[in-house]
Amino acid sequence: MPLVPLRRGLAAAALAACAAVAVNPAPAAAQTTYPVGDLGTSVWNFFFSPDAVPGANVWSCKPSAEHPNPVVIVHGTTSNFGAGGAMIAPTLANAGYCVYGFNYGETRSTLGHIYGLGDIARSARTMSAFVDRVLAATGAAKVDVVGGSQGGMMPNYYIKRLGGAAKVRTMIGLGPTNHGTTLGGLVSLGRTLNVLGFVNGVYEFLGSPAHVQQEEGSDFQNALFADGDTVPGVRYLTIVTSHDTTVTPLSNAYLHGGDSTNVLLQDLCPDDPVSHSGMSFDGPIMQLVLNEIGPKVPGFKPRCTGYGPNA
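Overview of the structure. All of these numbers come straight from a predicted model, not from anything done at the bench.

This part covers the environment of I239. Checked against the element boundaries, I239 lands in strand β5 (residues 235-240). Overall, I239 belongs to the buried group, its relative accessible area being 0%. Considering only alpha carbons, one finds I239 and L264, 25 residues apart in sequence, at a separation of 6.0 Å. In this structure I239 touches G173, L174, G175, P176, V263, M279, I285 and L288, once residues within four positions along its chain are discounted.

Following this line, the structure appears as structure tokens:
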């Protein structure tokens, strides 16, 4: 959540974690059925179980012939895996997938549960080591990745700069901060008034360079996408919501070129009110994710039910 004070980012992350809604997943391939996060478990995960979600990080899990690719979930800025994966991890596990997630971007401001703050290139190296561990444990050749906000953008550094293209089959971004954000024009205004440097200095002082790196036009953004948006061999799905006020303009989230697809959620479910912080808890989005990593039915349309929060 770039250029948002840490207090506001924490509140949004906690609110999103509280807003888990029920999804009807495909029948589980395994005997165990994991509880999909609800209000109580989501809040508990955020504050007291930041790195553990039912159904995830079961290191004895072996991918089935039907679902050969493990799924790695990547949380966003000021969040953690416990909060960001509260709904999606057990949903995917119940559908028969081996599911994994990790925390990244730890700084002095992490306080035990607020992650995604650190240098994004360093966070991508954390992801690289984690994916290697997943592949070694499962024997799989590649993973599918599902990430929200920074979690949908940071993996692009891993894919493009750290050899991840050979290890990622599918990259799904939920409201990703690809190409940065103007945060409703505040970044541009800050540059015009010559105060953006001061604001960025505050973020650096607070231990969150990731906020600065997610600004539209940042050195990090310019370097990451200077050679194009996508990498051959990886398929990309980007899902955005028209109610997103964090990634602005909304088109900045999109990736172009290669095997990339961009979906505006309201083109499929016009009444879906979900905003940026609630995308990991939205029923239609969960259905789109399951279709993308599973049967990938052309022209798939989700059932418009179980909407996430507008928070």
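Structure's up, so let's keep going.
The next subject is helix α5 (residues 120-138). Over its 19 residues, α5 extends 27 Å from the first C-alpha to the last, a length consistent with the 27 Å expected when each residue adds 1.5 Å. The set of residues buried in α5 consists of I120, A121, S123, A124, M127, S128, F130, V131, V134, L135, A137 and T138. Looking at the buried positions of α5, the neighbouring elements they touch are β1 (71-74), β2 (99-102), β3 (143-148), α6 (150-161), α9 (209-213) and α10 (219-224). Residue D119 occupies the N-cap position of α5, its side-chain oxygen lying 3.3 Å from the main-chain nitrogen of A121. G139 lies just past α5 and shows a positive phi near 80 degrees.

Here the structure, examined in full by the defined rule, presents 2 disulfides. Across a sulfur-sulfur distance of 2.0 Å, C61 and C98 are joined as a disulfide pair. Between C61 and C98, the S-S dihedral sits near -80 degrees, and the bridge is therefore left-handed. Of this pair, C61 sits in the loop between α2 (39-48) and β1 while C98 is found in the loop between α4 (88-94) and β2, placing the two residues 37 residues apart along the sequence. Note on cysteine connectivity: C269 is disulfide-linked to C304, with sulfurs 2.2 Å apart. Linking C269 and C304, the disulfide has an S-S dihedral of approximately -90 degrees and is accordingly described as left-handed.

Cut-offs and rules
- Residues numbered from 1 in each chain as written.
- Predicted model: local features only at pLDDT ≥ 70, side-chain atom pairs only at ≥ 80, totals over all residues.
- Heavy atoms only, no water.
- Helix = DSSP H or I, 4+ residues; strand = E, 2+ residues; numbered from the N terminus.
- Buried < 20%, exposed > 50% of the residue type's maximum accessible area, 1.4 Å probe, protein only.
- Contact = heavy atoms within 4.5 Å.
- Expected span 1.5 Å × (residues − 1).
- Polar contact = N/O pair within 3.5 Å; in protein donor to acceptor, adjacent residues only side chain to side chain.
- Disulfide = S-S within 2.5 Å.

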